[in-house]
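Structural overview
One letter stands for each residue in the lines below.
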Amino acid sequence: MNKDRREYSEEVFSGLFLRGEKFADKEFRNCTFKNCDFTKAEFSFCKFTDCVFESCNLSLAKLNASVFSGTTFTNSKLVGVNWTEAHWPKIRLACPIEFTNCMLNDSSFLGLSLRGTKLTRCVARGIDLRETDLEKADLTGTDLSGAQFGGTNLSGADLTRAHDYAIRPADNKLKGAKFSLPEAMALLYCLDIKLS
């Protein structure tokens, strides 16, 4: 990647080792990143549109006012990322970001509007989903142990085969959400009732 170049379109970046590097005012359209290491990298005012990250490491990356539109992450590691630092447009995107088979431990999505997003077959331990709008989101098969829910909109969301979550029905919107047994029993434990 050329540090002086600002725009990239339909390019494939493979095997980049850019730990701790700083990127500012760069725009990527329909680009693919494969096996790249962006650990602790800083992205300031960058824009990713319809990009794909495959088997990449973005753990502890800083997303200062950067935009992710239609971007997908597959088999990638994104531990400790504060997604609230990114720029989220006022107009709700149909599906701003997607995660498949990713590690998202200790990341924050606090208060974001992520309607219809996909977060499937991921390990998302300890992530912050408080006040997050996940209406009609797909969280199937995701490990949500220690994930924080509170004021979260999960209406119509699909949590089948998701596991190890602790969601209090009284504190979150769950109308039309899909759960599977035996994992859904966790919802009853939060109701302070006795089963016999």
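In what follows, the structure referred to is the one given above.
Everything in this summary refers to the structure shown in the same document. Quick caveat: nothing in here was measured; it's all calculated off a predicted structure.

Concerning the sheet that holds strand S8 (residues 52–54)
Strands sit in the order S2-S5-S8-S10-S11-S12 across an open sheet of 6 strands; the sheet is parallel. Looking at the sheet topology across the chains shown, the edges are occupied by strand S2 (12–14) and strand S12 (118–120). For this sheet, the mean inter-axis angle between neighbouring strands, taken without regard to orientation, is 10°. Bridge count between S8 and strand S10 (residues 71–74): 3 bridges; the pairing is parallel. Directly across from Glu-54, in S10, lies its bridge partner Thr-74.

Details of the sheet that holds strand S1 (residues 7–9)
Pairing within the open sheet is parallel, and its 4 strands lie in the order S1-S4-S7-S9. Both outer strands of the open sheet, S1 and strand S9 (67–69), are each paired with one neighbouring strand and no more. Each strand of the sheet is rotated relative to its neighbour by a mean of 5°, with strand direction disregarded. As judged from the 3 bridges shared by strand S7 (residues 47–49) and S9, these two strands associate in the parallel manner. Bridging across to S9, Phe-48 finds its partner in Phe-68.

Examining the environment of Phe-45
Note on placement: Phe-45 falls in the loop between strand S6 (42–44) and S7. Taking C-alpha positions, Phe-45 is 7.3 Å from Lys-26, a pair spaced 19 residues apart along the chain. The contact partners of Phe-45, leaving out residues within four places of it in the chain, are Asp-25, Lys-26, Asn-64, Ala-65 and Ser-66.

Section: the packing of aromatic side chains
If you walk through the whole model with that rule in mind, you get 25 aromatic pairs. With 4.6 Å between their ring centres and 10° between their planes, Phe-33 and Phe-53 make a pair best called stacked. You can see Phe-33 sitting in strand S5 (residues 32–34) and its partner Phe-53 sitting in strand S8, a full 20 residues away along the chain. Across the pair, Phe-53 and Phe-33 agree in class, each one buried. Ring centres 5.6 Å apart and planes at 65° place the aromatic pair Phe-38 and Phe-43 in the edge-to-face group. Pair check on accessibility: Phe-38 and Phe-43 agree, each one buried.

Conventions and cut-offs
Residues numbered from 1 in each chain as written. Predicted model: local features only at pLDDT ≥ 70, side-chain atom pairs only at ≥ 80, totals over all residues. Heavy atoms only, no water. Pairing = 2+ DSSP bridges. Helix = DSSP H or I, 4+ residues; strand = E, 2+ residues; numbered from the N terminus. Axes fitted to C-alpha atoms, helices over the stretch in contact; angles between N-to-C directions. Contact = heavy atoms within 4.5 Å. Phe/Tyr/Trp six-rings, centres within 6.5 Å; stacked < 30°, edge-to-face > 60°. Buried < 20%, exposed > 50% of the residue type's maximum accessible area, 1.4 Å probe, protein only.

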